[in-house]
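Now for the letters of each chain:
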Amino acid sequence: MKQSLFESRHKAEWERFALALERLERGKDTSQVGGFPRAYRRLCQHLALAQERGYSSFLIDSLQQQVLRGHQQLYRHRSRLGADLLSFILADFPRLVRAEWPFVLVASLLFFGSLIGVGMLVYVFPELVYNLIPADQVREMQGMYDPVAGHLGRPAERAASEDWVMFGYYVMHNIGIAFQTFASGLLLGVGSAFFLLYNGMVIGAVAGHLSEIGFGQTFWSFVIAHGAFELTAIALAGAAGLELGWALIAPARLTRSEALKRAARKSVLLVCGVMLFLLIAAFIEAYWSSKTSVTPLTKYLVGAGLWALVAVYLLFAGRTRHAPE
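Owing to the predicted nature of the structure, the values given are computational and were not obtained by experimental measurement.

Asks: Even after reading the chapter, I still don't get the overall build of the protein chain, so can you show me in this structure?
Replies: The helix and strand tally for the protein chain stands at eleven helices and zero strands. Along the chain direction, N to C, the helices and strands of the protein chain fall in the order α-α-α-α-α-α-α-α-α-α-α. When contacts within the protein chain are restricted to residue pairs at least 6 apart in sequence, those whose partners lie at least 24 apart make up 76%. Total accessible area on the protein chain is roughly 18,200 Å²; 64% of this is exposed by carbon and sulfur atoms.

Asks: Whenever I open this one, the layout of surface pockets confuses me. Can you help?
Replies: Over the atoms rolls a probe the size of a water molecule, and its path tells where empty space is left. As a volume, the largest pocket reaches approximately 1,100 Å³. If you go around the largest pocket, you meet 38 residues; those closest to its centre are Met-141, Tyr-145, His-173, Ile-203 and Glu-230. If one sorts the elements of the lining of the largest pocket by residue count, helix H9 (residues 216–249) sits on top with ten residues. Split into classes, the residues belonging to the lining of the largest pocket amount to 27 nonpolar, seven polar and four charged.

Asks: Looking at this structure, how should I read helix H1 (residues 3–26)?
Replies: For the α-helix, the turn length of 3.6 residues means that residues three or four positions removed from each other point alike. At His-10, H1 shows its largest kink, close to 50°. Within H1, the full set of buried residues consists of Phe-6, His-10, Trp-14, Phe-17, Ala-20, Leu-21 and Leu-24.

Asks: Help me understand the nonpolar core in this model?
Replies: For soluble globular proteins, the rule of thumb is that nonpolar side chains tend to be buried together. Phe-93, Val-97, Phe-111, Phe-229, Val-274, Phe-277 and Leu-314 are the most contacted members of the largest nonpolar core, which has 42 residues in total. Mapped onto this core, the elements with two or more residues apiece are helix H3 (57–99), helix H4 (101–124), helix H7 (163–183), helix H8 (190–212), H9, helix H10 (256–289) and helix H11 (296–316). Apart from the residues within four sequence positions on either side, Val-97 is in contact with Val-104, Leu-236, Leu-270 and Leu-314. Counting 20 residues, the second largest nonpolar core, distinct from the first, contains Val-118, Val-138, Phe-222 and Ala-282.

Asks: Would you mind going over the environment of Arg-53 with me for this structure?
Replies: Mapped onto the fold, Arg-53 is located in helix H2 (residues 36–53). Between the C-alpha atoms of Arg-53 and Met-1, which are 52 residues apart in sequence, the distance is 8.3 Å. Those residues in contact with Arg-53 that sit more than four places away from it in its chain are Met-1 and Phe-6.

Thresholds, definitions, all that
Residues numbered from 1 in each chain as written. Predicted model: local features only at pLDDT ≥ 70, side-chain atom pairs only at ≥ 80, totals over all residues. Heavy atoms only, no water. Helix = DSSP H or I, 4+ residues; strand = E, 2+ residues; numbered from the N terminus. Contact = heavy atoms within 4.5 Å. Areas by Shrake-Rupley, 256 points an atom, 1.4 Å probe, with all protein chains shown as cover. 1 Å grid on protein atoms, 1.4 Å probe; cavity = no way out; pocket = protein on both sides within 12 Å on 5 of 7 lines; lining within 4 Å. Points joined across faces, edges and corners; volume = space filled by probe spheres on them. Nonpolar A, V, L, I, M, F, W, Y, C, P; charged D, E, K, R; others polar. Bend = angle between axes of the 7 residues up to and from the residue. Buried < 20%, exposed > 50% of the residue type's maximum accessible area, 1.4 Å probe, protein only. Core = buried A, V, L, I, M, F, W, Y, C linked by side-chain atoms within 4.5 Å.

Don't take any of this as a statement about function, it's just geometry.
Here it is in structure tokens:
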């Protein structure tokens, strides 16, 4: 291929790359970072072709300079992604939770309110559990938390050496519940409210039933640690879904599509934090909660500490200190 044809074919692409490169170097527009690696690889390919075909040194030098500058920006922004992720975990996510407190409050009341309320009702009126949970599932739960069963919080066929299997199961199961609770918010928020209430009622029914039949110590010592992250994550997923629903119900002066887009940006970030919480919960559940060699008192102390940690993290992480005047 002649050099003139090669240049005319790729000139527009090189100009777009140069424009994106200038914006990245100025630090004023980082929206180009997502597609930058692909454009950089294309430019490297063009440079290799130009060198192989013996095109003019002017063209090769020009492409080579852009490749060098692109290399610097590519790896600078790659390292920034790690810093951005750390910033999101340590500050941005808890700040977002506090900023969206009305939705978080409503979701927490729906979820934890139904959990506590149904738990107390089932404890006082034991037969109510069968109105919410099938009898075979109730028997399965009893077998998982029977103090004399020799295993804790897992089916009898799962050996303790298969913790990694249970970790994968917990991740998929919990993420499925969280995504269902979040995505159903598109049904004007009714779906999220339903799943918050439903999951709270089921968990409460299990807790009340097991406590009433004398399996309370094994159950509560099992759930208290990972529950700090898992239950909080479900409530936050519901809050993200409620925000989507509210954008459709009350878009203010925006069109519904624009209001939904704005709400989705914040809701998706909330769900990213939810995924992190669920990964932590699954790890604790698989490798700590199920340990029968640890005393219940130790588990209660660790669980209380984790609940306090989650509360402090969500309430205070990311707050900026104002210098005294």
